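Fold and contact review
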Amino acid sequence: LTTDFGLHDTYVGTMKGVILGLNPQASIVDLTHEVPPQNLREAAFAVYTAYRYFTKETVHVVVVDPGVGSTRRAVVLLTPRGIFVGPDNGVFSLVIGEEARLTGTPISEDGGLIKLPPIMTAIDLQNKEYWLPAISTTFHGRDVFAPVAAQLSMGLDPHRLGETIDSLNTFRARRPHVNNRGVMVGAIIHTDRFGNMVTNITKQHLADFGDEDVIITVGDRQIKGLSTAYVGVEPGQVLALIGGSDHLEIAARNGSAQRLLGLSAGDKIFVLPAG
Amino acid sequence: LTTDFGLHDTYVGTMKGVILGLNPQASIVDLTHEVPPQNLREAAFAVYTAYRYFTKETVHVVVVDPGVGSTRRAVVLLTPRGIFVGPDNGVFSLVIGEEARLTGTPISEDGGLIKLPPIMTAIDLQNKEYWLPAISTTFHGRDVFAPVAAQLSMGLDPHRLGETIDSLNTFRARRPHVNNRGVMVGAIIHTDRFGNMVTNITKQHLADFGDEDVIITVGDRQIKGLSTAYVGVEPGQVLALIGGSDHLEIAARNGSAQRLLGLSAGDKIFVLPAG
Amino acid sequence: LTTDFGLHDTYVGTMKGVILGLNPQASIVDLTHEVPPQNLREAAFAVYTAYRYFTKETVHVVVVDPGVGSTRRAVVLLTPRGIFVGPDNGVFSLVIGEEARLTGTPISEDGGLIKLPPIMTAIDLQNKEYWLPAISTTFHGRDVFAPVAAQLSMGLDPHRLGETIDSLNTFRARRPHVNNRGVMVGAIIHTDRFGNMVTNITKQHLADFGDEDVIITVGDRQIKGLSTAYVGVEPGQVLALIGGSDHLEIAARNGSAQRLLGLSAGDKIFVLPAG
């Protein structure tokens, strides 16, 4: 489960009640419920970093859903490495991009309604037979997504849930680019509890760029080269390394890089060859 | 589980250790552990909004227990739609009221010690055989309620836990009333993570009031009519709608109504017929 | 699971994905993920207070690991009352001390590398066969500890994970002492959500001191005698009692002793015989 519900209210617990009522054997894992309210990009990033560590039978339910109760579609997305349930508002953008990339069927990254590559299928949830009997206009997590996910986890054929569709809404991916001076320009996309700032530059981007011997400029700091671990510098000092999701990350040993540099999601990062 | 223990300490995890030690097959769901310390009304509201989405075999453990270690009773409450375990301090008030209402056996709402209607039974937990061997004076969640709940989840006859009692402590319910000018006066009873403010006015109250074509006054705002979804107004604007618990709710699209209006639990809300 | 990962990121959920991928039957309990970043003492205290309430087959995974990616060892610790997995950085200090104390084989409390008593065994995790195929330098919780724990929970012989070692790193325990004026001097070691301040003085220490009829000085307050429950004083008043972990605790009825006294972990507490 990935939501923006937080843990102060009973929304998450109620969804679990619905799921376990239908499938008492379900193992339910919380990815995070602390997605900032209505923040689709953070929701997409949360699922993207974690889904590959779950079995391909896992049903990932994402409920960050500012359009709940409107005409936005509710969908199931079937991929080679997981089943995804949620609103069709872009929360699956990064998963779609990653699965497409890994199977060599790259897709448009301009956002908007994109056609799914053949390895993926989506279904428009319309069959109310699989929902709760009474549907609120504010809590489809409980009334639609939870019962659908529970039944998928019990082996329900997803095609019984509604009609197959071949396109889903995505948002424009923030990808790094190399400018005309040969500098790779990326951006911070997530800051974690430790103040580590994850960027949209991956290990693969750096390899394609040609060199790991780089100078990184972020905020008012220059960082020379990549460290291999947090202990690679003195306590309190800022470093760059490839983090657990294979993304370039700016961190501070035993401290918060975010606080030290005063940056946040959307701020730029520049990578130059050291030569 | 519903508690005011928070998630920084190991109190909740320890209760789960006790439960799983007795019933390794137990499925444990957290409703919330962020009830404000010692806040019986918020605890009662949390359980009330969620319990009907769980099976009737579910054992709901509520530990918001400022009187722990005193002579306050520890009880099990058996209802048609769930089993409840916790201190006899009012945390089950709203569940008792709702079950009584649904079965047409209304009870006094003046609070204090009330007689349970025949559809419900309570048991005074006295039989120490079902508790942990050593009982602290500060943590009955771990020493009394967790082992009792684990054994109930395995089918233990609740009457073995102690003597049947026919009354429980409740607090006076905050119900809306219609004043002599024909205005329905209600109150905010809970604010969620999104800043949505849930009131004590239900869909049923509005139906009894005769009209959904209403003007709502809350803080310094007038809201005309009910929306059917958050997207019913422009971003940032305040709206009123029937929320996921069938209560009238004041919200702001993609924003926090609480912050916009500066209100909190206990503040009043007025509903007038639009005519 | 006990970590300093917090619940905003997907680190904890990802570890659970890895565990359930290997052992779909695993019951996973969160002790806390809100250990302050890199705070080994708080991590050690969290596990110490909770582990005895779990069965002895339980695998306790502790990931508070500032040295991740360095040469610090990753270990399994086998004790009579639980299996522990984590970095060899002191997070198991209090468990080792407690198990040694209970079995009458006291160990040095000076910290540093200490020799385990015969009732405990440790294994240096070196056999990469039981890890994930790709090992990051920043997230051994996911890549090493989660898969090892999952396999231990399925009955894997721990000796297959690496070589047996007879010493582990510990930190110097903060124990109370009696000074030359006959005053027992202890310290606050943890403050909980309610503002209750747990000290390093146990029920046993007080019994050895000879008398429960004591005067306690903490901050600018004098507390006469121990209460048996939070309700032992007037609302808002400060009291001392033996808390749920059998440690002396300073609390305030329906209030926060921490806020009232302005103290925090490390601050001293003095106990005198009332006579």
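What counts and how
Residues numbered from 1 in each chain as written. Chains lettered and ligands numbered in written order. Predicted model: local features only at pLDDT ≥ 70, side-chain atom pairs only at ≥ 80, totals over all residues. Heavy atoms only, no water. Axes fitted to C-alpha atoms, helices over the stretch in contact; angles between N-to-C directions. Helix = DSSP H or I, 4+ residues; strand = E, 2+ residues; numbered from the N terminus. Left-handed = near helix turned anticlockwise from the far one by under 90°. Contact = heavy atoms within 4.5 Å. Nonpolar A, V, L, I, M, F, W, Y, C, P; charged D, E, K, R; others polar. Pairing = 2+ DSSP bridges. Buried area = accessible area lost by both parts, 1.4 Å probe. Salt bridge = Lys/Arg side-chain N within 4 Å of Asp/Glu carboxyl O. Least-squares fit on C-alpha atoms with pLDDT ≥ 70 in both. pLDDT = per-residue confidence, 0-100.

Regarding the packing of helix α1 (residues 11-22) of chain A against helix α4 (residues 140-153) of chain A
Residues and elements named next belong to chain A.
- Put simply, α1 and α4 touch, their axes get as near as 8 Å, and they point 35 degrees apart. α4 is crossed by α1, and the crossing has right-handed handedness. Residues Thr14, Met15, Val18, Ile19 and Leu22 of α1 form the contact with α4, whose participating residues are Gly141, Arg142, Ala146, Pro147, Ala150 and Gln151.
- For the contact of α1 with α4, the per-class residue count stands at seven nonpolar, three polar and one charged.

Thoughts on the sheet that holds strand β3 (residues 74-79) of chain B
Residue and element names in this part refer to chain B.
- Spatially, β1-β2-β4-β3-β6-β7 is the arrangement adopted by the six strands of the open sheet, whose pairing is mixed. The strands lining the two open edges of the sheet, one partner per strand, are β1 (2-3) and β7 (162-165).
- Across four bridges, strand β6 (residues 121-125) lies against β7 in antiparallel orientation. The residue bridging Ala122 from the neighbouring strand is Ile165, located in β7.

Looking at the interface of chain A and chain B
- With 33 residues of chain A at the interface, the matching set in chain B holds 28 residues.
- Summing both sides of the interface, chain A and chain B together bury roughly 2300 Å²; the carbon and sulfur share of this comes to 57%.
- Broken down residue by residue, the surface that chain A buries against chain B is led by A:Asp9, A:Thr10 and A:Thr138, which jointly contribute 22%.
- Here B:Arg193 ties to A:Glu34 by a salt bridge, and the two come within 3.5 Å at their closest N and O atoms.

Description of the relation of the copies chain A and chain B
- When chain A is fitted to chain B, the best match, at an RMSD of 0.0 Å, comes from turning it 120 degrees and sliding it 0.0 Å along the axis. Interpreted geometrically, this transformation is the action of a three-fold axis. Scanning chain A for the C-alpha nearest the rotation axis identifies A:Ser27, at a separation of 5.0 Å.
- Of all interface residues in chain A, a mere 6% are interface residues in chain B too; the two copies therefore contact each other through different surfaces.

What to know about the confidence of the model for chain A
- Of the residues in chain A, 99% have a pLDDT of 70 or more, and the chain-wide mean is 94.
- In the model output, the complex is listed with pTM 0.96 alongside ipTM 0.96.

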